[in-house]
Amino acid sequence: TWPLEPVDVADTLRRAVEGLPLPQRARLDLSIGAGLPIVLGCASRLVEVWGRLVDNATKFSPPDRGVALRAAVRAGAVVVEIEDHGPGIA
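Because the structure is predicted, anything quoted here is derived from the model rather than measured. (Residues numbered from 1 in each chain as written. Predicted model: local features only at pLDDT ≥ 70, side-chain atom pairs only at ≥ 80, totals over all residues. Heavy atoms only, no water.)

Attention now moves to the overall build of the chain. Regarding its fold elements, the chain presents three helices and five strands. Ordered by position from the N terminus, the helices and strands of the chain form the series β-α-α-β-β-α-β-β. Rg of the C-alpha trace for the chain: 13 Å, near the compact-globule value of 12 Å for 90 residues, within the 12% margin. When the backbone C-alpha atoms are referred to their principal axes, the chain occupies close to 35 × 30 × 25 Å. With 90 residues in all, the chain has 28% of them scored as buried. The contacts of the chain with a sequence gap of at least 6 include a subset with a gap of at least 24, amounting to 69%. (Helix = DSSP H or I, 4+ residues; strand = E, 2+ residues; numbered from the N terminus. Rg over C-alpha atoms; globule rule 2.2 N^0.38 Å. Buried < 20%, exposed > 50% of the residue type's maximum accessible area, 1.4 Å probe, protein only. Contact = heavy atoms within 4.5 Å.)

This is the structure in C-alpha cells:
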C-alpha cells in the first residue's frame, strides 16, 4: 500500500504529459477543468498511471489521430478521461 497524501490531480496530469516523448505530447490534447479539488492519493503513482494510459492510447491510435486527456469535476467527483482512436479491447 502507498501512503495517502493530498494530491493536486491537475499537477499529476501535467507531470505525466511532461514525461512523455515529444512525438506523443504533440498528439495529445490536454484539457483540465477549473477548480479541480485536492484529493487523497499517491501522487507518484497517479503520474505513473496517467503516463502509462496515455502512452498506450498514443501507441494504438492511428498516427494521424490525436488523443484527448481530460479532467473535470462531475457530480462531486474528479473524473479523468482518455479518449483515443485505437481498436479497443474486445
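The next subject is helix 1 (residues 9-18). Regarding helix 1, the residues found buried are Val9, Ala10, Thr12, Leu13, Ala16 and Val17. What you see down the axis of helix 1 is that its buried residues fit within an arc of 165°, all on one side. (Arc of directions from axis to C-beta.)

Going through the model one piece at a time under the given rule, you end up with seven salt bridges. When the shortest N-O distance is used, the salt bridge between Arg45 and Glu48 registers 2.9 Å. A residue pair is termed a helical-turn pair when its members lie 3 or 4 positions apart in one helix, as Arg45 and Glu48 do in helix 3 (residues 43-60) at three residues. A residue is classified by how much of its surface remains accessible, and Arg45, at 34% relative accessible area, is partly exposed. (Salt bridge = Lys/Arg side-chain N within 4 Å of Asp/Glu carboxyl O.)

Purely spatial values, then, with no claim about function.
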